[in-house]
Amino acid sequence: MDARTPDASRRRLLIATGTVGGAGLVATAVPFVSSMAPSEAAKAAGAPVELDLGKVGPGKLLTVEFRGKPVWVVHRTDAMIKTLGKHEDQLVDPNSDQPQQPPYAKNPTRSIKPEYFVATGICTHLGCIPLYRPEPGASDVGADWPGGFYCPCHGSKFDLAGRVVRNVPAPANLEIPIHMYLADTRLLIGKDKQKT
Ligand code: FES
């Protein structure tokens, strides 16, 4: 195993213990809704994961496992969406020019629907799982913190669209997996309209 990357057991532990910090917006890793959870065999094969977005309240983050990795779904509020246009000068790749997302997520919110952010919860430095820190100006992260994701391993920071902040170890924005909407609040992760 590459000594720089956390092993699977650490990743599972981090998923199980949640990826969230922040007063008032504390969310925990939410288990699969049993009726929609794929079988263990299907998960191992990388079957797409379907979610009812009604389970993700405003400001909350829900984590699901897809192909052995945590995938986040964040229900961004209007206030959270508004923060995204205010700090481009702090970002490495504000326009998402690096291929860290499918084409339909190469836009200012890096999403199909601005209110739902879907991303792989793996730091692009060495693979730790960042913490969800949505509160702007959190004193322990920085007065200019716009709210987003903070990686405790080496201090990388990402905004609420998963865009990496300058002068941190992570070189790129968080990855966004392929996904699509089956209905207004039905999300499918791992499949999109461009792939069968
Ligand atoms: S793994 Fe190094 S900052 Fe995230």
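Residues numbered from 1 in each chain as written. Predicted model: local features only at pLDDT ≥ 70, side-chain atom pairs only at ≥ 80, totals over all residues. Heavy atoms only, no water.

Section: the overall build of the chain
Next up, step 1: On a plain count of helices and strands, the chain comes out with three helices and nine strands.
Next up, step 2: Counted from the first residue to the last, the chain has its helices and strands arranged as α-α-β-β-β-α-β-β-β-β-β-β.
Next up, step 3: Each of the 196 residues in the chain was classed as buried or not, and the buried ones make up 49%.
Next up, step 4: Considering only contacts in the chain between residues 6 or more positions apart, those separated by 24 or more positions represent 58%.
Next up, step 5: When the accessible surface of the chain is split by element, carbon and sulfur atoms take 54% of a total near 9,300 Å². (Helix = DSSP H or I, 4+ residues; strand = E, 2+ residues; numbered from the N terminus. Buried < 20%, exposed > 50% of the residue type's maximum accessible area, 1.4 Å probe, protein only. Contact = heavy atoms within 4.5 Å. Areas by Shrake-Rupley, 256 points an atom, 1.4 Å probe, with all protein chains shown as cover.)

Observations regarding the environment of V49
Next up, step 1: One can find V49 in strand β1 (residues 49–52).
Next up, step 2: As a C-alpha pair, V49 and E65 span 16 residues in sequence and 8.3 Å in three-dimensional space.

Section: the sheet that holds strand β7 (residues 157–159)
Next up, step 1: Taken in spatial order, the three strands make up an open sheet running β5-β6-β7, and their pairing is antiparallel. Edge positions in the open sheet fall to β5 (131–133) and β7, since each of these has one partner strand only. Within the sheet, the average angular offset between the axes of one strand and its neighbour, ignoring direction, is 25 degrees.
Next up, step 2: In the sheet, strand β6 (residues 148–150) pairs with β7 via three bridges, with the strands oriented antiparallel. Across the sheet, G148 pairs through a bridge with D159, a residue of β7. (Pairing = 2+ DSSP bridges. Axes fitted to C-alpha atoms, helices over the stretch in contact; angles between N-to-C directions.)

Some details on the packing of aromatic side chains
Next up, step 1: All told, the structure shown has three aromatic pairs when counted by the stated rule.
Next up, step 2: Ring geometry for F117 versus F149: centroids 6.1 Å apart, planes at 40 degrees, classification tilted. In this pair, F117 is assigned in strand β4 (residues 116–120) and F149 in strand β6, connecting sequence segments 32 residues apart. Comparing F117 with F149 shows no difference in burial state: the two are buried.
Next up, step 3: In textbook terms, an aromatic cluster arises when at least three aromatic residues are bridged by ring pairs, as seen for W72, F117, Y132 and F149.
Next up, step 4: Across the ring face of Y181, the terminal group of K113 is positioned such that the distance to the ring centre comes to 4.5 Å. (Phe/Tyr/Trp six-rings, centres within 6.5 Å; stacked < 30°, edge-to-face > 60°. Lys NZ or Arg CZ within 6 Å of the ring centre and 35° of its normal.)

Some thoughts on the sheet that holds strand β8 (residues 179–183)
Next up, step 1: Spatially, the three strands line up as an open sheet ordered β1-β9-β8, and their pairing is antiparallel. Looking at the sheet topology across the chains shown, the edges are occupied by β1 and β8. Pairwise comparison of adjacent strand axes, ignoring direction, gives a mean angle of 25 degrees for this sheet.
Next up, step 2: Bridge count between β1 and strand β9 (residues 186–189): four bridges; the pairing is antiparallel. Paired with L51 across the two strands is L187, which belongs to β9.

Some thoughts on the environment of K193
Next up, step 1: Here K193 is to be found in the segment after β9.
Next up, step 2: Here the alpha-carbon distance between K193 and Y181, two residues twelve residues apart in the chain, equals 9.3 Å.

Focus: the confidence of the model for the chain
Next up, step 1: Within the chain, residue pLDDT values average 83, and 76% of them lie at 70 or more.
Next up, step 2: In this model residues 1–36 is a low-confidence stretch, pLDDT under 50, and it forms 59 contacts with partners more than four residues away in sequence or in other chains. (pLDDT = per-residue confidence, 0-100.)

Comments concerning the side chain of H75
Next up, step 1: Tracing the backbone shows H75 in strand β3 (residues 69–75).
Next up, step 2: Taking relative accessible area as the criterion, H75 reaches 16% and is therefore assigned buried.
Next up, step 3: Dropping the residues within four chain positions of it, H75 is found in contact with V56, G57, P58, G59, K60, M80, E115 and Y116.

A few points about the side chain of D159
Next up, step 1: With respect to the helices and strands, the residue D159 is situated in strand β7.
Next up, step 2: Among the polar contacts listed, one links the side chain of D159 to the side chain of H87, at a separation of 2.8 Å.
Next up, step 3: Of note is the side chain of D159, whose polar atom sits 2.9 Å from the side chain of R163.
Next up, step 4: If sequence neighbours within four positions are ignored, D159 has contacts with L84, H87, L91, P146, G147, G148 and F149. (Polar contact = N/O pair within 3.5 Å; in protein donor to acceptor, adjacent residues only side chain to side chain.)

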